[in-house]
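Breakdown of the fold
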Amino acid sequence: MVDQAQKNHYHQIRMQRKKAQIDAAIARANHEKGLLLVITGNGKGKSTSAFGMVARALGHGKKVGVCQFIKNRTDTGEEAFFKTQPNCEWHVLGDGFTWETQNRAQDIATSEHAWNVATQMLTDPGYDLVVLDELTYLLSYDYLDKELVLNTISERPEMQHVVVTGRSAIAELREMADTVSEIKDEKHAYKSGIKAQPGFDF
């Protein structure tokens, strides 16, 4: 029977080894650059995660630009809050979900206009963080020229961070990203008949 003192001793040894490994990894990570983060998958929380990074950047006095490509609602809590922040520029650029518009030509025209707005941010070193919310759909549906989008992102200012959200991120975008997070559903309240609620879902 292992007594408490032995448990504490073994725990200390494990934590010492873990600390040595983590310290070594931190020491190796000494390069600094603007990062591309892709948050994709079918689960809830992709945009929510991106907006958390918006809050973090603003807390450090950084300038942030947000482009929402699909959503067209302007009553969300995140927009109401972040639009009051002096270092945050927020654009709602969509016409609504594609199953609502049901008009491919309109969706393409709207996407091209939205991308022009995003391009202004992606070519301006004054923006420390640019969030391209739900950009993945515009690429997977071929609303935008993939090569143009990927080149613009890759040629952005050196220290500018970019976060792309949305389901079904294309392979080329995943490949060029520094970090890719795949969010999946285990359970979702909506599937139980619970509607989206203000202050929690939007």
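Everything discussed here concerns the structure shown above.
Residues numbered from 1 in each chain as written. Predicted model: local features only at pLDDT ≥ 70, side-chain atom pairs only at ≥ 80, totals over all residues. Heavy atoms only, no water.

So, the environment of Ala114
Tracing the chain through its elements places Ala114 in helix α5 (residues 104-122). Residue Ala114 is classed as buried on the basis of its relative accessible area, which comes to 1%. Sequence-distant contacts of Ala114, that is, excluding residues within four places in its chain, are made with Phe69 and Leu93. (Helix = DSSP H or I, 4+ residues; strand = E, 2+ residues; numbered from the N terminus. Buried < 20%, exposed > 50% of the residue type's maximum accessible area, 1.4 Å probe, protein only. Contact = heavy atoms within 4.5 Å.)

Examining the sheet that holds strand β6 (residues 179-182)
What the six strands build is an open sheet, ordered β3-β2-β4-β5-β1-β6; its pairing is parallel. The sheet is open, and its two borders are formed by β3 (88-92) and β6, each paired with just one other strand. Each strand of the sheet is rotated relative to its neighbour by a mean of 10°, with strand direction disregarded. Sheet topology places strand β4 (residues 129-133) next to strand β5 (residues 161-165); four bridges connect them, and they run parallel. Within the sheet, the bridge partner assigned to Val130 lies in β5 and is Val162. Docked against the sheet, helix α2 (residues 46-59) engages β1 (36-40), β2 (64-68), β3, β4 and β5, running at close to 165° with respect to β4. (Pairing = 2+ DSSP bridges. Axes fitted to C-alpha atoms, helices over the stretch in contact; angles between N-to-C directions.)

Describing α2
Between its first and last C-alpha, α2 extends 20 Å over 14 residues, near the 20 Å set by a 1.5 Å rise per residue. Turning to α2, its buried residues are Lys46, Ser47, Ala50, Phe51, Val54, Ala57 and Leu58. The buried residues of α2 occupy an angular sector of 125° when projected down its axis, which confines them to one face. More than 90 degrees from the buried face of α2, the exposed residues found are Thr48, Arg56 and Gly59. Residues of α2 that are buried sit in contact with β1, β2, α3 (77-82), β3, β4 and β5. Where α2 terminates, the next one or two residues include Gly61, which has phi positive at roughly 75°. (Expected span 1.5 Å × (residues − 1). Arc of directions from axis to C-beta.)

What about unusual backbone geometry?
A positive phi angle is found at Glu134, which is not glycine, with a value near 65°. Along the chain, the position of Glu134 falls in the loop between β4 and α6 (135-140). We classify Glu134 as buried; its relative accessible area is 9%. The backbone phi angle of Ser168 is positive, close to 55°, even though this residue is not glycine. Residue placement: Ser168 occurs in the loop between β5 and α8 (171-176). Given the relative accessible area of 48%, Ser168 is considered partly exposed.

Considering the nonpolar core
Judged by nonpolar contacts, the single largest core of 30 residues is most densely connected at Phe69, Trp115, Leu132, Leu135 and Leu173. Only β1, α5, β4, α6, α7 (146-154) and β5 provide two or more residues apiece to this core. Looking at this core, the element that brings in the most residues is α5, giving six residues. Ignoring sequence-local partners within four residues, the contact set of Leu173 consists of Leu36, Val38, Thr136, Leu139, Leu150 and Val164. Formed by 15 residues, the second largest nonpolar core is a distinct cluster that contains Ile39, Leu58, Val64 and Phe82. (Core = buried A, V, L, I, M, F, W, Y, C linked by side-chain atoms within 4.5 Å.)

Things to note about the environment of Leu37
Summarising the element assignment, Leu37 is placed in strand β1. C-alpha separation for the pair Leu37 and Val163, spaced 126 residues apart in sequence, amounts to 4.8 Å. For Leu37, the residues in contact, after removing those within four places along its chain, are Met53, Val162, Val163, Val164, Thr179 and Ser181.

Some thoughts on the layout of surface pockets
Of the pockets and cavities examined, the second largest pocket occupies roughly 350 Å³. Considering the residues around the second largest pocket, the lining is formed by 15 residues, among which Met53, Ala57, Asp128, Leu129 and His161 are closest to the centre. Listed by contribution, the elements that provide at least two residues to the lining of the second largest pocket are α2 and β5. Class assignment for the residues of the lining of the second largest pocket results in eight nonpolar, three polar and four charged. (1 Å grid on protein atoms, 1.4 Å probe; cavity = no way out; pocket = protein on both sides within 12 Å on 5 of 7 lines; lining within 4 Å. Points joined across faces, edges and corners; volume = space filled by probe spheres on them. Nonpolar A, V, L, I, M, F, W, Y, C, P; charged D, E, K, R; others polar.)

As for the pairing of β4
For a regular strand, the rule is simple: side chains alternate between the two faces of the sheet. Burial analysis of β4 places five of its five residues in the buried class, which makes it a mostly covered element. Alternating positions in β4 separate into two faces, Leu129, Val131 and Asp133 on one and Val130 and Leu132 on the other, with burial throughout. Examined bridge by bridge, β2 and β4 share five bridges and lie parallel to one another. For Val66, the partnering residue across the bridge sits in β4 and is Val131.

By themselves, these observations are geometric and do not establish any function.
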